[in-house]
Amino acid sequence: MKLEVQDLRKKFGGFEALRGVSFSIPSGKTLALLGPSGCGKTTTLRVIAGLLKPDSGRILFDGEDVTELPPRQRNIGMVFQSPALFPNFTVRENIAFPLEARGKKPEEISRRVKEVTEMVELSGLEERRPHELSRGQQQRVAIGRAIASEVKLLLLDEPLTALDAGLRAEISSTIRMIQRKLGITTIYVTHDQLEAFAMGDFIATMFDGTIDAYADAQTMYAKPPTEKTARFLGFVNRLETSAEHLDPETIRLVFPGGEFKMKWHGSKTAGKVAVLFRPEDASISLEGEGLLDGELSSSMFAGRNTVTRVKTSQGMIECAGNDSSQYQAISGMAGRKVTVKIDLNKALLIETGKT
Ligand SMILES: Nc1ncnc2c1ncn2[C@@H]1O[C@H](COP(=O)(O)OP(=O)(O)O)[C@@H](O)[C@H]1O
Ligand SMILES: [Mg+2]
(Lines give C-alpha, C1' and ligand atoms only; values in the text may rest on other atoms or scores of the structure.)
(Ligands and ions follow the chains in the order given, each with its own letter.)
Protein backbone atom coordinates (compact mmCIF):
# COMPACT_ATOMS: atom_id res chain seq x y z
CA MET A 1 0.00 0.00 0.00
CA LYS A 2 1.25 3.45 -0.91
CA LEU A 3 1.23 5.90 1.99
CA GLU A 4 0.98 9.65 1.51
CA VAL A 5 1.20 12.14 4.33
CA GLN A 6 0.30 15.70 3.39
CA ASP A 7 1.14 18.79 5.42
CA LEU A 8 0.33 17.44 8.90
CA ARG A 9 0.14 20.06 11.61
CA LYS A 10 -0.36 19.53 15.32
CA LYS A 11 -0.19 21.90 18.26
CA PHE A 12 -0.03 20.94 21.94
CA GLY A 13 -1.25 24.08 23.71
CA GLY A 14 0.85 26.82 22.16
CA PHE A 15 3.62 24.45 21.05
CA GLU A 16 3.72 23.40 17.40
CA ALA A 17 4.94 19.79 17.47
CA LEU A 18 4.24 19.20 13.76
CA ARG A 19 4.78 22.13 11.42
CA GLY A 20 3.75 20.74 8.06
CA VAL A 21 4.96 17.16 7.73
CA SER A 22 4.77 15.69 4.21
CA PHE A 23 6.22 12.56 2.65
CA SER A 24 5.15 9.46 0.80
CA ILE A 25 6.28 5.84 0.78
CA PRO A 26 5.94 3.55 -2.25
CA SER A 27 4.06 0.32 -1.63
CA GLY A 28 6.08 -2.29 0.27
CA LYS A 29 9.01 0.00 1.06
CA THR A 30 10.43 1.06 4.39
CA LEU A 31 10.96 4.67 5.31
CA ALA A 32 13.37 5.32 8.16
CA LEU A 33 12.23 8.51 9.90
CA LEU A 34 15.39 9.84 11.51
CA GLY A 35 15.68 12.78 13.85
CA PRO A 36 16.79 13.88 17.31
CA SER A 37 14.66 13.29 20.37
CA GLY A 38 11.72 15.69 20.57
CA CYS A 39 11.55 16.53 16.84
CA GLY A 40 8.06 15.04 16.43
CA LYS A 41 8.62 11.47 15.22
CA THR A 42 6.27 9.76 17.68
CA THR A 43 3.65 12.45 17.18
CA THR A 44 3.80 11.81 13.42
CA LEU A 45 3.27 8.06 13.95
CA ARG A 46 0.40 8.61 16.37
CA VAL A 47 -1.35 10.85 13.87
CA ILE A 48 -0.88 8.30 11.08
CA ALA A 49 -2.21 5.55 13.36
CA GLY A 50 -5.25 7.66 14.23
CA LEU A 51 -4.37 7.81 17.93
CA LEU A 52 -4.03 11.58 17.69
CA LYS A 53 -6.08 13.95 15.56
CA PRO A 54 -4.06 16.44 13.49
CA ASP A 55 -5.07 20.12 13.42
CA SER A 56 -4.79 19.95 9.64
CA GLY A 57 -3.28 17.82 6.89
CA ARG A 58 -4.26 14.55 5.25
CA ILE A 59 -3.25 10.89 5.30
CA LEU A 60 -3.88 8.80 2.20
CA PHE A 61 -3.73 5.00 1.86
CA ASP A 62 -3.47 4.13 -1.85
CA GLY A 63 -4.96 7.52 -2.62
CA GLU A 64 -7.88 7.13 -0.23
CA ASP A 65 -8.23 9.73 2.53
CA VAL A 66 -8.20 7.98 5.93
CA THR A 67 -7.64 11.09 8.07
CA GLU A 68 -11.05 10.74 9.73
CA LEU A 69 -11.04 6.93 10.11
CA PRO A 70 -10.85 5.49 13.64
CA PRO A 71 -7.59 3.62 14.41
CA ARG A 72 -9.20 0.18 14.20
CA GLN A 73 -10.33 0.62 10.64
CA ARG A 74 -6.90 1.71 9.46
CA ASN A 75 -5.44 -1.78 9.75
CA ILE A 76 -2.07 -0.73 11.12
CA GLY A 77 0.45 -2.68 13.23
CA MET A 78 2.51 -0.79 15.78
CA VAL A 79 5.60 -1.62 17.82
CA PHE A 80 6.94 0.71 20.50
CA GLN A 81 10.16 1.06 22.43
CA SER A 82 8.76 -1.06 25.27
CA PRO A 83 6.83 -4.18 24.27
CA ALA A 84 3.55 -3.36 26.14
CA LEU A 85 2.36 -6.98 26.16
CA PHE A 86 -0.64 -8.29 28.06
CA PRO A 87 1.11 -9.60 31.22
CA ASN A 88 -1.35 -12.40 31.90
CA PHE A 89 -1.50 -13.65 28.32
CA THR A 90 0.86 -16.26 26.93
CA VAL A 91 2.95 -15.65 23.82
CA ARG A 92 0.27 -17.45 21.80
CA GLU A 93 -2.54 -15.36 23.32
CA ASN A 94 -0.67 -12.09 22.82
CA ILE A 95 -0.05 -12.84 19.15
CA ALA A 96 -3.62 -14.14 18.67
CA PHE A 97 -5.16 -11.04 20.22
CA PRO A 98 -5.51 -8.86 17.11
CA LEU A 99 -6.89 -11.85 15.16
CA GLU A 100 -9.51 -12.54 17.83
CA ALA A 101 -10.38 -8.86 17.99
CA ARG A 102 -11.13 -9.06 14.26
CA GLY A 103 -13.33 -12.11 14.77
CA LYS A 104 -11.20 -14.58 12.78
CA LYS A 105 -12.10 -18.28 12.88
CA PRO A 106 -10.23 -20.50 15.40
CA GLU A 107 -8.55 -22.61 12.66
CA GLU A 108 -7.33 -19.48 10.91
CA ILE A 109 -6.08 -18.01 14.18
CA SER A 110 -4.07 -21.09 15.09
CA ARG A 111 -2.59 -21.34 11.57
CA ARG A 112 -1.60 -17.70 11.55
CA VAL A 113 -0.21 -17.74 15.11
CA LYS A 114 2.00 -20.69 14.13
CA GLU A 115 3.26 -18.86 11.02
CA VAL A 116 3.97 -15.63 12.89
CA THR A 117 5.61 -17.39 15.84
CA GLU A 118 8.03 -19.00 13.41
CA MET A 119 8.69 -15.70 11.66
CA VAL A 120 9.65 -13.94 14.89
CA GLU A 121 11.64 -17.02 15.96
CA LEU A 122 9.69 -17.87 19.10
CA SER A 123 8.64 -21.43 18.25
CA GLY A 124 8.60 -23.55 21.41
CA LEU A 125 7.89 -20.59 23.68
CA GLU A 126 4.17 -20.30 22.86
CA GLU A 127 2.94 -21.08 26.37
CA ARG A 128 5.22 -18.69 28.23
CA ARG A 129 4.03 -15.43 29.74
CA PRO A 130 5.92 -12.13 29.27
CA HIS A 131 7.71 -12.32 32.66
CA GLU A 132 9.19 -15.68 31.57
CA LEU A 133 10.83 -14.10 28.50
CA SER A 134 13.94 -11.96 27.98
CA ARG A 135 13.56 -8.35 26.84
CA GLY A 136 14.50 -9.34 23.32
CA GLN A 137 11.94 -12.16 23.25
CA GLN A 138 9.29 -9.82 24.60
CA GLN A 139 10.01 -7.42 21.75
CA ARG A 140 9.71 -10.33 19.31
CA VAL A 141 6.22 -11.04 20.69
CA ALA A 142 5.33 -7.36 20.18
CA ILE A 143 6.50 -7.56 16.56
CA GLY A 144 4.54 -10.80 16.04
CA ARG A 145 1.40 -9.21 17.49
CA ALA A 146 1.82 -6.18 15.21
CA ILE A 147 1.97 -8.27 12.03
CA ALA A 148 -0.42 -11.09 13.04
CA SER A 149 -3.46 -9.74 11.26
CA GLU A 150 -2.73 -8.75 7.69
CA VAL A 151 -1.85 -5.11 8.30
CA LYS A 152 -1.42 -2.56 5.51
CA LEU A 153 1.12 -0.48 7.34
CA LEU A 154 3.67 -1.23 10.04
CA LEU A 155 4.82 1.55 12.36
CA LEU A 156 7.93 0.85 14.43
CA ASP A 157 8.78 3.50 17.02
CA GLU A 158 12.41 3.04 18.15
CA PRO A 159 11.83 -0.70 18.66
CA LEU A 160 15.49 -1.43 19.47
CA THR A 161 16.36 1.53 21.67
CA ALA A 162 15.81 -0.28 24.96
CA LEU A 163 17.88 -3.33 23.94
CA ASP A 164 21.62 -3.94 24.23
CA ALA A 165 23.85 -4.01 21.14
CA GLY A 166 23.84 -7.77 20.51
CA LEU A 167 20.07 -8.07 20.73
CA ARG A 168 19.65 -5.01 18.55
CA ALA A 169 21.55 -6.69 15.72
CA GLU A 170 19.54 -9.92 16.07
CA ILE A 171 16.16 -8.29 16.19
CA SER A 172 16.91 -5.83 13.40
CA SER A 173 17.78 -8.77 11.16
CA THR A 174 14.46 -10.43 12.09
CA ILE A 175 12.63 -7.20 11.23
CA ARG A 176 14.39 -7.00 7.86
CA MET A 177 13.59 -10.62 7.12
CA ILE A 178 9.90 -10.01 7.90
CA GLN A 179 9.99 -6.92 5.69
CA ARG A 180 11.30 -8.89 2.75
CA LYS A 181 8.90 -11.77 3.31
CA LEU A 182 5.72 -9.76 3.84
CA GLY A 183 6.51 -6.56 1.95
CA ILE A 184 4.47 -4.38 4.31
CA THR A 185 4.86 -0.63 3.84
CA THR A 186 6.74 0.44 6.97
CA ILE A 187 7.83 3.50 8.88
CA TYR A 188 10.82 2.82 11.10
CA VAL A 189 11.40 5.64 13.58
CA THR A 190 14.84 6.10 15.10
CA HIS A 191 17.25 8.75 16.37
CA ASP A 192 20.20 6.49 15.42
CA GLN A 193 21.61 7.03 11.94
CA LEU A 194 23.23 3.59 11.69
CA GLU A 195 19.88 2.00 12.41
CA ALA A 196 18.20 4.25 9.85
CA PHE A 197 20.65 3.20 7.13
CA ALA A 198 20.33 -0.46 8.12
CA MET A 199 16.53 -0.45 7.99
CA GLY A 200 15.37 2.14 5.46
CA ASP A 201 14.92 1.89 1.69
CA PHE A 202 14.28 5.62 2.00
CA ILE A 203 15.35 7.99 4.73
CA ALA A 204 13.65 11.16 5.87
CA THR A 205 15.36 13.45 8.35
CA MET A 206 13.19 15.44 10.71
CA PHE A 207 14.03 18.47 12.83
CA ASP A 208 11.71 20.74 14.84
CA GLY A 209 8.45 19.33 13.51
CA THR A 210 9.28 19.26 9.80
CA ILE A 211 10.93 16.95 7.30
CA ASP A 212 14.27 18.45 6.31
CA ALA A 213 15.34 15.98 3.61
CA TYR A 214 14.06 12.83 1.93
CA ALA A 215 16.08 10.51 -0.30
CA ASP A 216 16.84 6.86 -0.96
CA ALA A 217 19.30 5.45 1.58
CA GLN A 218 22.34 5.47 -0.76
CA THR A 219 21.83 9.08 -1.80
CA MET A 220 21.15 10.13 1.76
CA TYR A 221 24.43 8.58 2.87
CA ALA A 222 26.64 9.83 0.06
CA LYS A 223 25.04 13.16 -0.90
CA PRO A 224 22.53 14.35 1.69
CA PRO A 225 20.28 17.00 0.12
CA THR A 226 20.63 19.76 2.72
CA GLU A 227 23.47 21.12 4.82
CA LYS A 228 21.57 20.61 8.06
CA THR A 229 20.96 16.95 7.28
CA ALA A 230 24.55 16.52 6.11
CA ARG A 231 25.85 17.77 9.45
CA PHE A 232 23.46 15.45 11.31
CA LEU A 233 24.77 12.55 9.20
CA GLY A 234 28.39 13.17 10.10
CA PHE A 235 29.61 15.76 7.59
CA VAL A 236 30.98 17.78 10.50
CA ASN A 237 33.90 19.40 8.68
CA ARG A 238 33.32 22.51 6.61
CA LEU A 239 35.72 24.53 4.49
CA GLU A 240 34.99 27.47 2.29
CA THR A 241 36.77 27.83 -0.97
CA SER A 242 36.25 29.03 -4.50
CA ALA A 243 35.35 26.95 -7.49
CA GLU A 244 35.65 27.74 -11.16
CA HIS A 245 34.35 25.92 -14.18
CA LEU A 246 36.78 24.24 -16.52
CA ASP A 247 33.92 23.00 -18.68
CA PRO A 248 30.17 22.70 -18.00
CA GLU A 249 30.64 19.47 -16.04
CA THR A 250 33.98 19.99 -14.35
CA ILE A 251 35.06 22.45 -11.71
CA ARG A 252 38.36 23.26 -10.09
CA LEU A 253 38.49 23.85 -6.36
CA VAL A 254 41.31 25.96 -5.04
CA PHE A 255 42.97 25.16 -1.70
CA PRO A 256 46.09 26.61 -0.08
CA GLY A 257 47.92 23.32 -0.71
CA GLY A 258 46.78 22.78 -4.26
CA GLU A 259 43.88 22.42 -6.63
CA PHE A 260 41.39 19.69 -7.18
CA LYS A 261 39.27 18.95 -10.24
CA MET A 262 35.92 17.24 -9.93
CA LYS A 263 32.67 16.53 -11.73
CA TRP A 264 30.00 19.06 -10.95
CA HIS A 265 26.27 19.06 -11.58
CA GLY A 266 25.37 22.24 -9.75
CA SER A 267 24.66 25.62 -11.26
CA LYS A 268 26.76 27.05 -14.08
CA THR A 269 28.08 29.89 -11.98
CA ALA A 270 30.29 28.27 -9.38
CA GLY A 271 32.04 30.92 -7.24
CA LYS A 272 32.14 30.43 -3.48
CA VAL A 273 31.39 26.93 -2.27
CA ALA A 274 31.34 25.17 1.07
CA VAL A 275 33.04 21.79 1.11
CA LEU A 276 31.59 19.43 3.72
CA PHE A 277 33.21 16.13 4.57
CA ARG A 278 33.20 13.37 7.14
CA PRO A 279 36.13 12.76 9.51
CA GLU A 280 36.64 9.31 7.95
CA ASP A 281 37.24 10.97 4.58
CA ALA A 282 40.04 13.14 5.97
CA SER A 283 43.47 12.14 7.20
CA ILE A 284 46.63 13.97 8.12
CA SER A 285 49.90 14.05 6.27
CA LEU A 286 53.24 14.68 7.93
CA GLU A 287 54.89 15.07 4.54
CA GLY A 288 52.92 18.10 3.43
CA GLU A 289 50.83 16.28 0.82
CA GLY A 290 47.52 17.63 2.09
CA LEU A 291 45.37 20.43 0.74
CA LEU A 292 45.25 22.46 3.91
CA ASP A 293 47.83 23.47 6.52
CA GLY A 294 47.24 23.18 10.19
CA GLU A 295 48.59 22.26 13.52
CA LEU A 296 47.83 19.12 15.45
CA SER A 297 45.48 19.84 18.32
CA SER A 298 44.66 16.44 19.78
CA SER A 299 44.46 12.82 18.82
CA MET A 300 42.36 10.16 20.42
CA PHE A 301 42.56 6.41 19.86
CA ALA A 302 39.04 5.19 19.06
CA GLY A 303 39.59 1.53 18.20
CA ARG A 304 39.00 1.20 14.49
CA ASN A 305 40.64 4.56 13.84
CA THR A 306 42.26 7.47 15.60
CA VAL A 307 40.36 10.74 15.72
CA THR A 308 42.71 13.66 15.17
CA ARG A 309 41.76 17.29 15.46
CA VAL A 310 43.69 19.79 13.41
CA LYS A 311 43.55 23.56 13.91
CA THR A 312 43.46 25.32 10.55
CA SER A 313 42.83 28.85 9.33
CA GLN A 314 39.27 27.67 8.65
CA GLY A 315 38.64 26.31 12.11
CA MET A 316 39.01 22.88 13.65
CA ILE A 317 38.99 19.91 11.26
CA GLU A 318 38.35 16.40 12.52
CA CYS A 319 40.22 13.55 10.79
CA ALA A 320 39.57 9.86 11.28
CA GLY A 321 41.22 8.32 8.23
CA ASN A 322 42.67 5.05 9.43
CA ASP A 323 46.38 4.88 8.75
CA SER A 324 47.08 3.34 12.14
CA SER A 325 50.89 3.22 11.87
CA GLN A 326 51.00 6.93 11.23
CA TYR A 327 48.75 7.70 14.14
CA GLN A 328 51.05 5.84 16.49
CA ALA A 329 53.73 8.32 15.44
CA ILE A 330 51.73 11.46 16.19
CA SER A 331 50.27 10.65 19.58
CA GLY A 332 51.37 13.29 22.04
CA MET A 333 52.65 15.64 19.33
CA ALA A 334 50.19 18.49 19.80
CA GLY A 335 51.34 21.65 18.06
CA ARG A 336 53.14 19.82 15.23
CA LYS A 337 52.61 21.25 11.72
CA VAL A 338 50.62 18.87 9.54
CA THR A 339 48.52 19.06 6.41
CA VAL A 340 45.03 17.67 5.95
CA LYS A 341 44.27 15.28 3.10
CA ILE A 342 40.64 15.11 2.04
CA ASP A 343 38.94 12.53 -0.15
CA LEU A 344 37.08 15.18 -2.12
CA ASN A 345 35.21 12.64 -4.22
CA LYS A 346 33.25 11.85 -1.07
CA ALA A 347 32.80 15.47 -0.04
CA LEU A 348 29.62 17.45 -0.41
CA LEU A 349 29.77 20.74 -2.26
CA ILE A 350 27.27 23.43 -1.44
CA GLU A 351 27.07 26.71 -3.32
CA THR A 352 27.04 29.44 -0.72
CA GLY A 353 26.14 32.13 -3.23
CA LYS A 354 28.71 34.50 -1.81
CA THR A 355 31.47 35.78 -4.09
N1 LIG B 1 0.66 14.95 24.51
C2 LIG B 1 1.56 15.95 24.47
N3 LIG B 1 1.36 17.11 25.11
C4 LIG B 1 2.26 18.11 25.05
N5 LIG B 1 3.41 18.05 24.36
C6 LIG B 1 3.68 16.93 23.69
C7 LIG B 1 2.78 15.81 23.70
N8 LIG B 1 3.31 14.82 22.94
C9 LIG B 1 4.49 15.30 22.49
N10 LIG B 1 4.71 16.55 22.93
C11 LIG B 1 5.87 17.41 22.60
O12 LIG B 1 6.01 17.43 21.19
C13 LIG B 1 7.37 17.35 20.80
C14 LIG B 1 7.57 16.15 19.90
O15 LIG B 1 7.41 14.97 20.67
P16 LIG B 1 7.61 13.53 20.06
O17 LIG B 1 6.76 13.40 18.85
O18 LIG B 1 7.37 12.54 21.15
O19 LIG B 1 9.14 13.55 19.64
P20 LIG B 1 10.14 12.35 19.25
O21 LIG B 1 9.33 11.10 19.15
O22 LIG B 1 10.77 12.78 17.97
O23 LIG B 1 11.14 12.29 20.36
C24 LIG B 1 8.17 17.28 22.09
O25 LIG B 1 8.62 18.59 22.40
C26 LIG B 1 7.17 16.81 23.11
O27 LIG B 1 7.48 17.27 24.38
MG1 LIG C 1 9.53 9.31 20.19
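Conventions we followed
Residues numbered from 1 in each chain as written. Chains lettered and ligands numbered in written order. Predicted model: local features only at pLDDT ≥ 70, side-chain atom pairs only at ≥ 80, totals over all residues. Heavy atoms only, no water. Helix = DSSP H or I, 4+ residues; strand = E, 2+ residues; numbered from the N terminus. Buried < 20%, exposed > 50% of the residue type's maximum accessible area, 1.4 Å probe, protein only. Polar contact = N/O pair within 3.5 Å; in protein donor to acceptor, adjacent residues only side chain to side chain. Contact = heavy atoms within 4.5 Å. Core = buried A, V, L, I, M, F, W, Y, C linked by side-chain atoms within 4.5 Å. Pairing = 2+ DSSP bridges. Axes fitted to C-alpha atoms, helices over the stretch in contact; angles between N-to-C directions. Domains from an automatic or database assignment. Buried area = accessible area lost by both parts, 1.4 Å probe. Salt bridge = Lys/Arg side-chain N within 4 Å of Asp/Glu carboxyl O.

*Asks:* Help me get a handle on the side chain of Asn237, residues and values and all.
*Replies:* One can find Asn237 in strand E11 (residues 237–247). Overall, Asn237 belongs to the buried group, its relative accessible area being 2%. A polar atom in the side chain of Asn237 sits 2.7 Å from the backbone oxygen of Glu318. The residues contacting Asn237, other than those within four sequence positions of it, are Val275, Leu276, Phe277, Arg278, Pro279, Met316, Ile317 and Glu318.

*Asks:* Lay out the nonpolar core in plain terms, naming residues and giving numbers.
*Replies:* Most often, soluble globular proteins have nonpolar side chains that are buried together. Core analysis: the largest hydrophobic core is formed by 31 residues, its most contacted members being Ile95, Val141, Ile143, Ile147 and Ile175. Listing elements by their share of this core, those giving two or more residues are helix H2 (91–101), helix H3 (106–119), helix H4 (135–148), strand E7 (153–157) and helix H5 (165–182). No other element matches H4, which puts six residues into this core. Ile147 has contacts with Arg112, Val116, Met119, Leu154, Ile178, Leu182 and Ile184, leaving out every residue within four places of it along the chain. Of all hydrophobic cores here, the second largest spans 29 residues; its members include Val21, Cys39, Ile48 and Ile211.

*Asks:* Could you give an account of the sheet that holds strand E2 (residues 15–25), naming the residues involved and the relevant values?
*Replies:* Spatial ordering of the open sheet is given by E2-E1-E4-E5, a layout of four strands whose pairing is antiparallel. Looking at which strands have only one partner, the edges of the open sheet turn out to be E2 and strand E5 (64–65). By the bridge criterion, eight bridges tie strand E1 (residues 3–12) to E2 in an arrangement that is antiparallel. Opposite Phe12, over in E2, you have Phe15 as the bridge partner. Where helix H1 (residues 41–49) meets the sheet, its contacts fall on E1, E2 and strand E4 (56–61), and the angle it forms with E2 comes to roughly 65 degrees.

*Asks:* Got a sec to walk through the pairing of strand E8 (residues 185–190)? Specific residues and values, please.
*Replies:* The buried fraction of E8 is high, at six of six residues. On E8, burial covers both faces: Thr185, Ile187 and Val189 on one face and Thr186, Tyr188 and Thr190 on the other are all buried. The pairing of strand E3 (residues 30–34) with E8 spans five bridges and is classified as parallel. Its bridge partner lying in E8, Ala32 is registered against Tyr188.

*Asks:* Explain the domain arrangement of the protein to me, using residue names and the numbers behind them.
*Replies:* Accessible area lost on assembly of the parts is the figure often given for the size of an interface. Along its sequence, the protein is carved into domain 1 (3–231) and domain 2 (237–351). For domain 1 versus domain 2, the separation of C-alpha centres amounts to 39 Å. The interface of domain 1 with domain 2 comprises seven residues on the first partner and nine residues on the second. A combined buried area of about 660 Å² lies between domain 1 and domain 2, and 46% of that area is made up of carbon and sulfur atoms. Looking at the side of domain 1 facing domain 2, the largest losses of area belong to Tyr221, Lys223 and Glu227, adding up to 64% of the total buried there. For the pair domain 1 and domain 2, the interface holds one salt bridge. A salt bridge links Glu227 to Arg238; the nearest nitrogen and oxygen atoms lie 2.7 Å apart. Linking domain 1 with domain 2 are three residue pairs in polar contact (both at pLDDT 80 or more), by the criterion used here.

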